[in-house]
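Report on the structure
Next come the chains, spelled out residue by residue.
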Amino acid sequence: MRILVVEDDDALRDGLKTVLERAGHRAAVTGDGNDADERLAHESFDLVVLDLGLPGLDGLSVLKRMRQRQQSTPALILSARDQIADRVRGLDLGADDYLSKPFERTEFEARVRALLRRGQPALAEFGGLKWSWESRQGWVAGQPLALTKCESVVLEALLHTPGRIVNKSALAQRAAMDDEPTSDNSVEVYVYRLRRKLEPAGVAIKTVRGLGYLLQLEA
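Notes on the structure follow.

The rules behind these values
Residues numbered from 1 in each chain as written. Predicted model: local features only at pLDDT ≥ 70, side-chain atom pairs only at ≥ 80, totals over all residues. Heavy atoms only, no water. Helix = DSSP H or I, 4+ residues; strand = E, 2+ residues; numbered from the N terminus. Rg over C-alpha atoms; globule rule 2.2 N^0.38 Å. Buried < 20%, exposed > 50% of the residue type's maximum accessible area, 1.4 Å probe, protein only. Contact = heavy atoms within 4.5 Å. Areas by Shrake-Rupley, 256 points an atom, 1.4 Å probe, with all protein chains shown as cover. Lys, Arg positive; Asp, Glu negative; His and termini not counted. Charge placed at Lys NZ, Arg CZ, Asp CG, Glu CD. Core = buried A, V, L, I, M, F, W, Y, C linked by side-chain atoms within 4.5 Å.

1. Structural notes on the overall build of the chain
What the chain contains, in helices and strands, is eight helices and 12 strands. Computed over the C-alpha atoms, the radius of gyration of the chain is 18 Å, within 12% of the 17 Å expected from 2.2 N^0.38 for a compact globule of 219 residues. Across its three principal axes, the chain shows a C-alpha extent of roughly 55 × 35 × 35 Å. Here the chain holds 219 residues, and the buried ones make up 45% of them. Counting contacts in the chain only where the partners sit at least 6 residues apart, residues at least 24 apart contribute 54% of the total. Surface accessibility of the chain: about 11,300 Å² in total, with carbon and sulfur atoms responsible for 47%. Across the chain, 31 positive and 33 negative side-chain charges occur, with their mean positions spaced 5 Å apart.

2. A few points about the environment of Gly163
Along the chain, Gly163 falls in the loop between helix H6 (149-160) and strand E10 (166-167). For the pair Gly163 and His25, spaced 138 residues apart in sequence, the C-alpha separation works out to 25 Å. In contact with Gly163, other than residues within four places in its own chain, are Leu214 and Leu215.

3. What about the nonpolar core?
If you look at the biggest cluster of nonpolar residues, it comprises 28 residues, and the most contacted ones within it are Leu129, Val154, Leu155, Leu159, Leu198, Ile205 and Leu215. The greatest single-element share of this core, amounting to seven residues, is contributed by H6. Excluding its chain neighbours within four sequence positions, the residues that come into contact with Leu215 are Phe126, Leu158, Leu159, Pro162, Gly163, Leu198, Val203, Ala204 and Ile205.

Structure representation (structure tokens):
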């Protein structure tokens with residue numbers, strides 16, 4: 001899963017990044033509210049971990065703008081503000097959970113796991129394609145779908161928001177491995193391969209020039 005950590009405390013931000021990556025996630029980080037808003041508007045994330053006291057836009061403003069864009073990305077608020085009114089305001093603006101500082105690493109990990117599970121169906125079905133989020137295995141017409149790791153990452157990103165455009169650079173970032181950087185050109189190769197493999201399922205990947213790709217059913 002790809003997670004954005006928005007925290008202006010350098011030590012805490014780096015520590016959370018390490019915790020998430022050790023758990024097998026891909027963690028992007030920023031300490032600025034304006035940068036977080038820009039990234040959330042143009043990139044795809046499975047979860048945002050959001051501090052409230054940020055330079056630029058504050059955390060609640062980042063959250064409010066994200067929800068105004070109809071983005072349903074789960075949001076975990078981290079804050080030293082532990083007053084009930086602060087919690088209520090954050091939850092009313094669309095936060096999914098609220099964790100007061102200081103907190104234990106194990107509790108943070110448990111909250112992250114719970115949010116990533118919440119609302120995630122065990123099986124996605126789109127046309128003749130079935131996809132298991134848990135095993136990361138797909139089937140077309142009952143036959144297993146043979147995909148590389150990067151092809152799976154690209155397909156999952158498109159399946160999370162079928163019918164909506166996913167930026168090519170965002171797909172490259174999600175597919176990138178630490179020892180194998182992925183470029184926009186690489187994404188084009190993965191999409192080309194996926195198109196051929198998904199054709200029997202009646203599923204197409206449409207190119208929206210200058211913007212990215214979206215998953216749709218064949219006419």
